Amino acid sequence: MARQLSHPDGAPHFYQAYGLEIASPVPLPELVPGGTGSDVVIRFASVTDRPGRDAYSELFGDRIVVRYADIGTFAMRGGREVWVDAHPGAREAEIRLILTGPVLGLLLHQRRVLVLHASTIDVSGAAVGFMGFAGAGKSTTAAALHAHGYPLLSDDLLPIDLGDGLPMARSGFPQLKLWPEALVAVGGTPEDLPRLRSAREKRARRANGFQRASLPLKRLYVLENGERLALEPVSGAQRVIELIRNAYASYVPELMVESWPFEQCSAVAERVAVRRLRRPARLGGLPDLVRLVEADLSQEAD
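Right, let's walk through the structure included here. Per chain, residues are indexed from 1 in the order of the written sequence. Given that the model is predicted, a residue must reach a pLDDT of at least 70 before its local features are reported, and side-chain atom pairs must reach 80 or more before they are shown or counted; all residues, however, enter totals for whole chains, interfaces and linings. Note that the side-chain values use all heavy atoms of the structure and ignore hydrogens as well as water.

Focus: the pattern of salt bridges
Part 1 of the argument: Whenever a carboxyl oxygen of Asp or Glu lies within 4 Å of a side-chain nitrogen of Lys or Arg, that contact is scored as a salt bridge. Overall, the coordinates contain 21 salt bridges when judged by the stated rule.
Part 2 of the argument: Between R43 and E81 there is a salt bridge; the shortest N-O distance is 2.7 Å. With a gap of 38 residues between them, R43 in strand β4 (residues 40-44) and E81 in strand β8 (residues 81-86) connect regions that are remote in the sequence.
Part 3 of the argument: Per-residue accessibility, obtained with a 1.4 Å probe over protein chains only, is compared with the maximum for each type, and a residue is labelled buried under 20%, exposed over 50%, and partly exposed between these values. You can call R43 partly exposed: its relative accessible area is 33%.
Part 4 of the argument: When the shortest N-O distance is used, the salt bridge between R219 and D296 registers 3.2 Å. Taken together, the residues R219 in strand β16 (residues 215-225) and D296 in helix α6 (residues 286-297) connect sequence positions 77 residues apart.
Part 5 of the argument: The exposure class of R219 is buried, given its relative accessible area of 0%.
Part 6 of the argument: Here D296 falls in the buried class, since its relative accessible area comes to 11%.
Part 7 of the argument: A single network of salt bridges, built from pairs that share partners, joins E224, E232, E242, R245, R276 and R278. To qualify as a helix, a DSSP run of H or I must reach at least 4 residues; to qualify as a strand, a run of E must reach at least 2; elements of each kind are numbered from the N terminus.

Observations concerning the side chain of T100
Part 1 of the argument: Summarising the element assignment, T100 is placed in helix α1 (residues 92-110).
Part 2 of the argument: Classification of T100 as buried rests on a relative accessible area of 7%.
Part 3 of the argument: Here a polar contact is recorded for every N or O atom pair within 3.5 Å, except that within protein the pair must consist of a potential hydrogen donor and a potential acceptor, and residues adjacent in sequence are included only if both atoms are side-chain atoms. Within the structure, the side chain of T100 is placed 2.8 Å from the backbone oxygen of R96, a separation counted as a polar contact.
Part 4 of the argument: For T100, the residues in contact, after removing those within four places along its chain, are Y18, E30, L31, L157 and F173. Residue contacts are defined here by distance: any two heavy atoms, one from each residue, within 4.5 Å place the two residues in contact.

Some words on α1
Each α-helix winds once per 3.6 residues, and so residues spaced three or four apart point in a common direction.
Part 1 of the argument: Here the expected length of a helix is defined as 1.5 Å per residue gap, with one fewer gap than residues. A rise of 1.5 Å per residue sets the reference length of α1, with its 19 residues, at 27 Å; its end C-alpha atoms lie 25 Å apart and thus fit the reference within 8%.
Part 2 of the argument: Given a residue, its bend is the angle between the two axes fitted to the seven residues that end at it and to the seven that start from it. At V103, α1 shows its strongest bend, of approximately 35°.
Part 3 of the argument: With 17 of its 19 residues buried, α1 lies for the most part within the structure.

Overview of the sheet that holds strand β5 (residues 57-60)
Part 1 of the argument: Between any two strands, at least two bridges found by DSSP are needed for them to pair. Pairing is mixed in the open sheet, where eight strands are placed in the order β3-β1-β2-β4-β8-β7-β6-β5. In this open sheet, the two strands that pair with only one neighbour each are β3 (32-33) and β5.
Part 2 of the argument: Along the sheet face, α1 touches β1 (13-17), β2 (20-24), β4, β6 (63-68), β7 (72-77) and β8 and points at about 30° away from the line of β7. A fitted line through C-alpha atoms represents every axis, and for helices the fit uses only the stretch in contact; the resulting angles, taken between N-to-C directions, go from 0 to 180 degrees.

Some remarks on the pairing of β5
Residues in a regular strand project their side chains so that they alternate between the two faces of the sheet.
Part 1 of the argument: For β5 and β6, the ladder comprises four bridges, and the chain directions are antiparallel. Bridging from a neighbouring strand, S57 pairs with V66 of β6.
Part 2 of the argument: Between the end of β5 and the start of β6, which pair antiparallel, lie two residues, with G61 showing a positive phi angle near 65°.

Right, here's the structure in full:
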C-alpha cells in the first residue's frame, strides 16, 4: 500500500504553476496558491508498474513512470493525473522537490507543451532563458540577474506556447535552487535556507521579484564552460539542435519518438535568437556576466 502523507485540514490544496491548475492532497508551499485544480490532480496511490532495475524512467501505455530509489515512484497519466508511491523513509520536502520539478516537466510534455531545461527571467516584459545540462549554471545565472533587479519567471523548466507571434514562456513559481557558493555570490546566506534534499547541500531560495504572467520569449542562451566570458551567435540548423538537446523530454529518450517536439523546436528556433554563452566556473565573474547579457539584450536580435 502507498504511504499516505497527512495534511492538517483533510482538504485538497490548490495551486498554479506553468499555466496549470493543480490540486494536491498535501501543501506545496513552493507554488503559487489559487486556482481550481481542474488541470492536474495529485494523489497518493500504489504504482505497480515500475522502471527496470537500472532505469530511471519507463513508458507504460499512456503513463510515464519515474523512480527515485530513496524517494519513491511517480506515475504521470495523460497530462492530468499524478500518482505518488512514496518510499517509507522519504521526507515530504524531497517528494515536493520531485513533484514540482521532473513530474511537472514530464506532465507538460504529455500535454504536448515544449519544455526546455532552462531558467528564465523577465527583462522589460520579455522572457530571457538560460539553457544547459545539469551543472551548467542555469539557476546561478538567473539568480545573478535576479539580484540585479530582474524578476524571476521560472527556474529549471521553461514551457513554451507557440502562437502567431513570438513564442510565449510560461511562468513557474518564485523559487531558485542554488548551491551554497552560488548563494553567497549573489548575496544570500546558505545557513538561513532549507536544503532541497537531506543528503545534498543545494538550497531553496524564495525569489523576491516574480513575474506571474506568460511573456514573449526574446532570447535563449546556451550555457557552456569556458576559460573566459564570451558570447557567440547560434544560427541555422544549430539552433534547432541546441533546442532539441535541451528539451526536457530528451532525458527520457522514449518520449522523443514523435515528430511534434522536433517541429516545435524548429518553430521556436525560427523566431527566437539563440546565443552561446561561455563562462568561467569561478563565481566572482558574475557581475561581468550580467553586464554582458544586458549589453547583448540591448542589441537587435539576429
